[in-house]
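Residue strings, one per chain:
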Amino acid sequence: MSESQLVAAESNVLPRTGHTTEASVAPTYVVPDAVLALADRPLDPRRRIHPGRWITSAVVIALVAWLAVKLGTNPKLGWSAFAQFFASRIMLDGLIVTLELTFVGQLVATVVGVVLAACGESRNPVLTAFARGYVWFFRSVPLIVQILTWYNLAIVFPVLAIGVPFTSLHLQGSTNAIITPFLAAVLALGLHEAAYMAEIVRAGIAAVPRGQLLAASSIGLTRRQTLRRIVLPQTLRVVIPPTGNQLIGLLKACALVSVIGGDELLTTAQRIYAVNYKTIALLLVVSTWYLILTSVLSVGQHYLERWVDRDMRGGNRGEGSSVPSLGLRLRRNLNPLSFGRGEDSEL
Amino acid sequence: MSSDVVDAQPRSAAFGAWLSAAPMVEVINVHKSFGQTSVLAGVNLSVRQGEVVCIIGPSGSGKSTLLRLINHLESPDRGLVRVAGEIIGYEVVNDRLRERSEQDIARQRSQIGMVFQEFNLFSHLTALENVALGPIRVLRTPAGVARDEARTLLSRVGLRHRLHAYPASLSGGEQQRVSIARALALRPAVMLFDEPTSALDPERVDEVLEVIKSLAASGMTMIIVTHEIAFARDVAETVVFIDGGTVVEAGPCRSILTNPHHERTREFLKRVE
């Protein structure tokens with residue numbers, strides 16, 4: 001800025017006199033060279049010191065260190081048991097069952113949830129009422145009650161049969177033989193989760209702008225084609241973040257299956273510590289595995305969201321990616337307070 | 001066409017003659033209310049094949065509703081719409097109008113191209129996929145052929161270099177040109193434009209108007225709701241002035257825009273120009 005004559009508008013500087021004749025002569029003033037030089041000078045690079053932050057940091061670090069030392073040096077905790085069982089054959093089998101329950105359960109939940117959401121969008125009032133009733137029922141009954149109910153189904157239906165009505169063609173078997181703890185767990189987890197998935201998909205459908213539906217109609221797509229080709233693909237962006245949270249919630253909910261002896265991580269741990277009494281060490285084994293699995297899923301969720309968001313990136317609408325950073329994602333999912341139905345809250 | 005059997009049973013020879021009469025689009029005594037608000041109160045409109053009609057009028061006068069009635073995005077409370085030899089949304093059974101099946105209405109809509117003020121491009125699809133979707137899913141054109149045709153159409157609207165761009169990365173003018181190509185891909189008998197330049201930045205208006213103009217020159221039948229009086233003067237053969245839910249005045253472009261008969265038309269033109 002070589003020419004230092006900056007002229008400010010009259011109204012910013014001078015009070016109006018009320019004389020209209022004077023307003024025609026625009027008064028000017030000059031910005032002092034000292035101010036211009038100040039504006040041109042680079043910032044002082046020294047950062048401010050925040051004593052409050054240092055003190056709280058020190059307190060927190062001390063607390064964590066103390067806890068770590070106490071845990072690490074406690075002979076009763078049984079770190080040798082931790083090391084012995086962490087990657088043991090029997091524990092890994094439990095880990096595999098947990099993973100199977102999670103993914104099969106989520107698969108059931110996703111399929112049933114999308115079907116329920118589609119029913120909710122139907123013009124058939126019976127279908128919409130059914131979808132609403134399903135969500136009401138399966139969200140209202142505690143998951144642990146549903147697990148126990150499925151497991152004990154044989155009490156009310158001792159025989160399960162599938163066949164063609166009015167003919168003698170059918171297959172049947174004892175309920176106790178068919179509903180294994182694993183199947184009971186998958187049904188309970190999947191059908192319970194489906195109610196939440198239905199709500200997530202419903203919210204996703206509601207978020208699709210009305211103009212998209214008008215445009216789909218105008219090119220001659222039917223309602224079903226519109227749902228399949230236009231609406232559902234566009235719900236992905238909205239549906240994937242809460243679904244990731246649900247999946248992680250489901251993973252953790254697998255521990256509930258221990259009430260029916262489902263052979264997953266916690267059941268396995270319980271069986272071991274029932275014999276050797278290293279209760280905390282084995283619970284730590286379970287916790288460590290959950291931490292690892294949750295972290296891996298969080299990372300996967302981050303990259304999945306980036307991929308789904310690809311058509312919105314580089315847009316000229318001014319908004320950046322809506323995907324939270326990997327760090328935030330990890331912090332959110334590992335937050336002990338967010339157990340259960342993870343709402344999408346910032347920490 | 002599945003409905004021909006029904007439509008080919010007119011009660012009288014006069015009905016059959018009317019069905020195949022010359023006008024490409026005919027709107028007869030259409031009424032439409034939303035709740036207590038009457039939007040259209042007895043609108044009549046007739047558009048010849050290849051004619052370009054501009055509909056002008058104050059906001060809230062029912063122009064957009066009229067367009068949506070023509071492709072049955074809204075259904076009329078009373079009256080009927082005929083496009084390309086078929087009654088839209090209804091078939092004649094025992095001398096009465098009965099609602100058509102969903103598939104049939106979808107087929108009829110596919111023959112009436114519609115361009116929206118807000119473009120409404122499918123945001124999860126690229127420009128090319130937006131244009132090819134209709135032919136593939138509605139006309140059952142093989143995907144390869146549909147994509148080739150989409151490429152040709154997008155070149156025609158000057159977007160050969162943006163085939164694989166998602167809508168969010170296109171400017172408003174580019175999006176609107178894609179949406180015109182999307183409608184054209186279904187080889188419509190008529191094109192409807194609902195204020196196609198109102199949502200555009202001023203410097204983007206001309207590129208869209210140029211495309212519409214070249215379409216007019218190619219002989220496409222078009223009904224255009226617009227605020228651009230200068231454009232209407234340029235492209236329209238017929239101008240229809242709508243106010244208060246009825247057609248106040250309709251006639252050749254020059255006479256309506258330069259020498260309107262009605263006081264309301266005169267006032268409107270004075271206000272917008």
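All values derive from a computational prediction rather than experimental measurement. (Residues numbered from 1 in each chain as written. Chains lettered and ligands numbered in written order. Predicted model: local features only at pLDDT ≥ 70, side-chain atom pairs only at ≥ 80, totals over all residues.)

Caption draft 1: Examining the pairing of strand β2 (residues 170–174) of chain A more closely. All names here are of chain A. Among the five residues in β2, zero count as buried, and that is only a small part of the element. Looking at chain direction, strand β1 (residues 159–163) and β2 are connected through five bridges and run antiparallel. Within β2, the position partnered with Gly163 by the bridge is His170. (Buried ≥ 20, exposed ≤ 12 C-beta atoms within 10 Å, placed from the backbone. Helix = DSSP H or I, 4+ residues; strand = E, 2+ residues; numbered from the N terminus. Pairing = 2+ DSSP bridges.)

Caption draft 2: Just the sheet that holds strand β9 (residues 190–194) of chain B, in detail. Residues and elements named next belong to chain B. Strands sit in the order β8-β9-β10-β3-β11-β12 across an open sheet of six strands; the sheet is mixed. Only two strands of the sheet have a single partner each, and these edge strands are β8 (112–115) and β12 (246–252). Shown here is a sheet whose adjacent strand axes are inclined to one another by a mean of 15°, direction ignored. When β8 meets β9, the two strands line up parallel, connected through four bridges. The residue bridging Ile112 from the neighbouring strand is Val190, located in β9. On top of the sheet, helix α7 (residues 172–184) reaches β8 and β9; it is set at about 170° to β8, its chief contact. (Axes fitted to C-alpha atoms, helices over the stretch in contact; angles between N-to-C directions. Contact = placed C-beta atoms within 7 Å.)

Caption draft 3: Local environment of the nonpolar core. Core analysis: the biggest nonpolar cluster contains 102 residues, and Ile55, Ile70, Val131, Leu154, Leu192 and Ile223 of chain B have the highest contact counts within it. Broken down by element, the residue count for this core peaks at eight residues, all from helix α10 (residues 181–206) of chain A. Residues contacting Ile223 of chain B, with those up to four places away along its chain left out, are Val25, Val47, Val53, Ile55, Leu67, Ile70, Val190 and Leu192 of chain B. Listed in part, the 21 residues of the second largest apolar core include Tyr151, Ala188, Leu189 and Leu250 of chain A. (Core = buried A, V, L, I, M, F, W, Y, C linked by C-beta atoms within 7 Å.)

Caption draft 4: Local environment of the interface of chain B and chain A. Contact residues are listed per partner, giving 25 residues for chain B and 22 residues for chain A. Only α4 (102–110) and α5 (127–137) of chain B provide two or more residues apiece to the side of chain B that touches chain A. For the side of chain B that touches chain A, the element with the highest residue contribution is α4 of chain B, accounting for six residues. Residue classes in the side of chain B that touches chain A are distributed as 10 nonpolar, nine polar and six charged. (Nonpolar A, V, L, I, M, F, W, Y, C, P; charged D, E, K, R; others polar.)

Caption draft 5: Spotlight on helix α8 (residues 205–217) of chain B. Residues and elements named next belong to chain B. Counted at 1.5 Å a residue, the expected span for α8 with its 13 residues is 18 Å, and the 19 Å between its end C-alpha atoms agrees. Those residues of α8 that sit buried are Val208, Leu209, Val211, Ile212, Leu215 and Ala216. For α8, the arc enclosing every buried residue in end-on projection is 155°, short of the 170-degree limit, so these residues lie on one face. Exposed residues lying more than 90 degrees from the buried face of α8 are Ser214 and Ala217. Of the surrounding secondary structure, the elements contacted by the buried residues of α8 are β3 (52–56), α7, β9, β10 (221–225) and α9 (229–235). Two residues or fewer past α8, Gly219 is found with a positive phi of approximately 95°. (Expected span 1.5 Å × (residues − 1). Arc of directions from axis to C-beta.)

Caption draft 6: Quick look at the sheet that holds strand β1 (residues 25–34) of chain B. Residue and element names in this part refer to chain B. Spatially, β2-β1-β4-β5 is the arrangement adopted by the four strands of the open sheet, whose pairing is antiparallel. Edge positions in the sheet fall to β2 (37–47) and β5 (86–87), since each of these pairs with one other strand and no more. One ladder, built from eight bridges, connects β1 with β2; its direction is antiparallel. Each residue of the ladder has a partner; that of Glu26, found in β2, is Ser46. Relative to the sheet, helix α3 (residues 63–70) contacts β1, β2 and β4 (78–83), its axis offset from that of β1 by approximately 120°.

Caption draft 7: Structural detail: the confidence of the model for chain A. All names here are of chain A. Averaged over chain A, the pLDDT score is 82; the fraction of residues at 70 or greater is 82%. Taken together, the stretch residues 314–321 has pLDDT below 50 and engages in nine contacts with residues farther than four places along the chain or on a different chain. This model gives residues 336–347 a pLDDT under 50, and the stretch forms 13 contacts once residues within four places in sequence are excluded. (pLDDT = per-residue confidence, 0-100.)

Caption draft 8: Molecular detail of the environment of Leu36 of chain A. Residue and element names in this part refer to chain A. Tracing the backbone shows Leu36 in helix α3 (residues 33–40). On the basis of neighbour counts, which here come to 15 C-beta atoms within 10 Å, the residue Leu36 falls in the partly exposed class. C-alpha of Leu36 to C-alpha of Ala131: the two residues are 95 residues apart in sequence and 68 Å apart in space.

Caption draft 9: Region of interest: the pairing of β9 of chain B. Residues and elements named next belong to chain B. Where burial is concerned, most of β9 is hidden: five out of the five residues are buried. Of the two faces of β9, the one holding Val190, Leu192 and Asp194 and the one holding Met191 and Phe193 are both buried throughout. Alignment of β9 against β10, held across five bridges, turns out to be parallel. Residue pairing in the sheet places Leu192 in a bridge with Ile223 of β10. Taken together, β9, α8 and β10 constitute a β-α-β crossover, and its handedness is right-handed. (Right-handed = clockwise from strand over helix to strand, strands pointing away.)

Caption draft 10: The arrangement of unusual backbone geometry in detail. Residues and elements named next belong to chain B. We note that Ala84 has phi near 50°; this positive angle belongs to a residue other than glycine. Structurally, the position occupied by Ala84 is in the loop between β4 and β5. The class of Ala84 is partly exposed, set by 17 C-beta atoms lying within 10 Å. At Asp95, a residue that is not glycine, the phi angle is positive and equals roughly 65°.

Caption draft 11: Inspection of helix α13 (residues 265–276) of chain A at higher detail. Residue and element names in this part refer to chain A. Taking 1.5 Å per residue, 12 residues should reach 16 Å; α13 reaches 17 Å between its end C-alpha atoms and fits that length. Leu265, Leu266, Thr267, Thr268, Ala269 and Ile272 are the residues of α13 that are buried. Looking at the buried residues of α13, the elements they touch are α5 (79–86), α6 (89–121) and α14 (279–308). Where α13 ends, the next residue or the one after it, Tyr277, has phi of about 60°, a positive value.

Caption draft 12: Representation of the packing of α10 of chain A against helix α12 (residues 223–253) of chain A within the structure. Residue and element names in this part refer to chain A. Contact geometry of α10 with α12 gives a least axis separation of 8 Å together with a crossing angle of 150°. The angle between the axes of α10 and α12 places the two elements in the roughly antiparallel class. In this structure, α10 meets α12 at a crossing whose hand is right-handed. Contact residues: Leu189, Glu193, Tyr196, Met197, Ile200, Val201, Ala203, Gly204 and Ile205 in α10; Val231, Thr235, Val238, Val239, Pro242, Thr243, Gln246, Leu250 and Ala253 in α12. Class assignment for the residues of the contact of α10 with α12 results in 13 nonpolar, four polar and one charged. (Parallel < 35°, antiparallel > 145°, perpendicular 65-115°, else oblique. Left-handed = near helix turned anticlockwise from the far one by under 90°.)

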